[in-house]
Amino acid sequence: MPTVKLTKRSVDGLLPPAKGQAVLWDTEVRGFGARILPSGTKTFILQYRNPEGIQRRINIGRYGILTVDQARDQAKLHLASVIQGEDPADENRRARKGMTVAEMCDWYLIEARAGNILGRLNRPIKASSLDMDESRIKTHIIPLLGKRVVTQLSIADVEQMQSDVKNGKTAKARTGGRGGKATGGAGVASRCLGTIQAIIGHAKHKGLLANHPTQGAKKLASKKRTRRLSVAEIEMLGKALAYAEQNHENPVALGVLQTLLLTGFRREEAQAMQRAWVNAAGGFVSFPDTKGGAQVRAIGPAALKVIQSQAEIVGNPHVFPSEAGAGPYTAVSSCLDRVCKLAGISGVTPHTLRHTFGSIAGELGFSELTIRAMLGHASQNVTQDYIHIDEALKLAVQRTSDEIARLLEVGAARLQTMQQAA
């Protein structure tokens, strides 16, 4: 970690990291530093060892609210209390018992982005998940509950928040480059309740609260997504894909769509796939990170053909690269909407394509356990340098992929017949 005497100029010059956190340590007061998160938030911190020799780290305050000199003075006072046998972290914990929902949400985002709060599978919470949490916090939770003291919340309070979000009370125009409007709804409302409940649960686990004041609050039931493409619709989509290709639709976008159809991968998995992860000879893709952690997923020849046909951009490691920069293509949903409009079908999302893959596998007679493994729900893990995928699973993926490819080709052939007849 870099060290320099902290000044307004040096703190202003701190650039946000792509992930995690960056800290600039002060050379004048040992353990005093300025931390910046990917969001650009800058916070003064103090790292020290308490009288028992245990390393602690506390937040002094936000840059902008405190100047560098004010924060340094507070750091000196905290260190003086340590010399006298006190522990500032314990004092902070006692003070947090009266913190507001907004303050607790701020604490959660800072600690979680620093990797200090564990989520599913006892792993640090992913940046993408925290981005969604932060969006719900800023758009819905803080406007409705931000000023309330956490310990004084009741089950009725958070369930009322859920109802208000569902009814559109916090609806507003989106910011940050996204179009449309954040309108709320039952799905968003239940996720907001889940978010605030999880934050309070983490605070209790970390000793900030003695009890979870809203434990037992009931989430709105969500509608299970069951939309899948019928055989006729897959053929119609094949016809539309062929027409779109002829009429100069983005070939990268079409490649992502075909891959989603032929693999059952999640949208994020297909879009972010890198060439180094694809093992064509072994018939698998080794994902270093998915919703279920690192996984090895079988892939059939039809999907590999699509992947191998993609043009490579020097300096961009992704199978489906963006036109600018070194990132992946991320607008497949828009392309899917255009292709579905050509096909005359509606209600289709990238998840529909994933569900379709699983449904076709079921129609071919594969068991639910096999289908779960095909879709990455069951464990297919990477253990050190040893990678193994059951041959029966690879066969199941290949047969399902081949059947979908056949139906797409039927649709494409119909387009060709129509054009020849015209």
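Residues numbered from 1 in each chain as written. Predicted model: local features only at pLDDT ≥ 70, side-chain atom pairs only at ≥ 80, totals over all residues. Heavy atoms only, no water.

*Asks:* Explanation requested: the overall build of the protein chain in the structure shown.
*Replies:* When helices and strands are tallied, the protein chain shows 15 helices and nine strands. Each of the three principal axes of the protein chain carries a C-alpha extent, and together these read 90 × 50 × 40 Å. For the protein chain, buried positions account for 45% of its 422 residues. Long-range pairs, those at least 24 residues apart, make up 59% of the contacts in the protein chain between residues at least 6 apart in sequence. (Helix = DSSP H or I, 4+ residues; strand = E, 2+ residues; numbered from the N terminus. Buried < 20%, exposed > 50% of the residue type's maximum accessible area, 1.4 Å probe, protein only. Contact = heavy atoms within 4.5 Å.)

*Asks:* Explain the side chain of Glu111 to me, please; I cannot follow it from the model alone.
*Replies:* Assignment of secondary structure puts Glu111 in helix H4 (residues 101-113). Of the side chains bearing the opposite charge, Arg35 lies closest to the buried Glu111, which forms no salt bridge; the N-O distance is 4.6 Å. (Lys, Arg positive; Asp, Glu negative; His and termini not counted. Salt bridge = Lys/Arg side-chain N within 4 Å of Asp/Glu carboxyl O.)

*Asks:* When you look at the pairing of strand E3 (residues 42-49) in this model, what are you seeing that I'm missing?
*Replies:* Along any regular strand, the residues point their side chains to alternate faces of the sheet. Most of E3 sits out of view: six of its eight residues are buried. Pairing geometry for strand E2 (residues 32-36) and E3, over five bridges, is antiparallel. Bridged to Ile36 within E3 is Lys42. Once E2 ends, the chain turns through five residues before running back antiparallel as E3, passing Gly40 with a positive phi of about 95°. (Pairing = 2+ DSSP bridges.)

*Asks:* Please explain the side chain of Thr352 as it appears in this structure.
*Replies:* In this fold, Thr352 is placed in helix H13 (residues 350-363). The exposure class assigned to Thr352 is buried, which follows from its relative accessible area of 3%. Residues within four places of Thr352 in sequence aside, it is in contact with Arg227, Arg228, Leu229 and Gly347.

*Asks:* Looking at this structure, I do not really get the sheet that holds strand E4 (residues 55-62). What am I missing?
*Replies:* Within the open sheet, the four strands sit side by side as E1-E2-E3-E4. Their pairing is antiparallel. In this open sheet, the two strands that pair with only one neighbour each are strand E1 (22-25) and E4. Each strand axis lies, on average, 30° off the axis of its neighbour in the sheet, ignoring direction. Both E1 and E2 contribute to a ladder of four bridges, which runs antiparallel. Paired with Val23 across the strands is Arg35, a residue of E2. Sheet contacts for H4: E2, E3 and E4; angle to E4, the most-contacted strand, approximately 130°. (Axes fitted to C-alpha atoms, helices over the stretch in contact; angles between N-to-C directions.)

*Asks:* Looking at this structure, I do not really get the packing of helix H11 (residues 301-308) against helix H15 (residues 391-421). What am I missing?
*Replies:* Helix packing geometry: the angle between the two helix axes and the distance between the axes. For the pair H11 and H15, interaxial distance at closest approach is 7 Å and the crossing angle is 70°. Classified by the angle their axes make, H11 and H15 are roughly perpendicular. Where H11 abuts H15, its residues Pro301, Ala302 and Ala303 lie against Gln398, Ser401, Asp402 and Ala405. Grouping the constituent residues of the contact of H11 with H15 by class yields four nonpolar, two polar and one charged. (Parallel < 35°, antiparallel > 145°, perpendicular 65-115°, else oblique. Nonpolar A, V, L, I, M, F, W, Y, C, P; charged D, E, K, R; others polar.)

*Asks:* Any chance you could explain the pattern of salt bridges here in plain terms?
*Replies:* Opposite charge on two side chains permits pairing when their charged atoms draw close. For the structure shown, the criterion picks out 24 salt bridges. Of the charged contacts, one joins Glu28 and Arg72 as a salt bridge, the two residues approaching to 3.8 Å between their closest N and O atoms. Residue Glu28 is found in the loop between E1 and E2, and its partner Arg72 is found in helix H2 (residues 68-83); the two are separated by 44 residues along the sequence. Two residues, Asp106 and Arg62, come together in a salt bridge whose shortest N-O distance is 2.2 Å. Linking Asp106 in helix H4 with Arg62 in strand E4, this pair joins segments that are 44 residues apart in sequence. Overall, Arg62 belongs to the partly exposed group, its relative accessible area being 29%. Taken together, the shared-partner salt bridges in this structure form one network comprising Lys5, Asp26, Glu28, Asp69, Arg72 and Lys76.

*Asks:* Got a minute to help me understand unusual backbone geometry in this structure?
*Replies:* Only a minority of non-glycine residues have a phi that is not negative, and only a minority of peptide bonds are not trans. A positive phi angle is found at His248, which is not glycine, with a value near 65°. In this fold, His248 is placed in the loop between helix H8 (231-246) and helix H9 (251-263). Residue classification places His248 among the exposed residues on the basis of a relative accessible area of 74%.

*Asks:* What is the right way to read the packing of helix H6 (residues 155-166) against helix H7 (residues 186-205) from this model?
*Replies:* Axis separation between H6 and H7 bottoms out at 8 Å; the angle between their running directions is 150°. As judged from the angle between their axes, H6 and H7 are roughly antiparallel. You can see that H6 and H7 cross each other, and the crossing is right-handed. The segment H6 lies against H7, with Val158, Met161, Gln162, Val165 and Lys166 engaging Ala186, Val188, Ala189, Ser190, Cys192, Leu193, Ile196 and Gln197. Partitioning the contact of H6 with H7 into residue classes produces nine nonpolar, three polar and one charged. (Left-handed = near helix turned anticlockwise from the far one by under 90°.)

*Asks:* Would you take a moment to explain the pairing of E2 for this structure?
*Replies:* Most of E2 sits inside the fold, with five of its five residues counted as buried. Residues Phe32, Ala34 and Ile36 point to one face of E2 and Gly33 and Arg35 to the other, with burial holding for every one of them. Taking the residues between adjacent antiparallel strands as the criterion, E1 and E2 are bridged by six residues, where Gly31 takes a positive phi near 90°.

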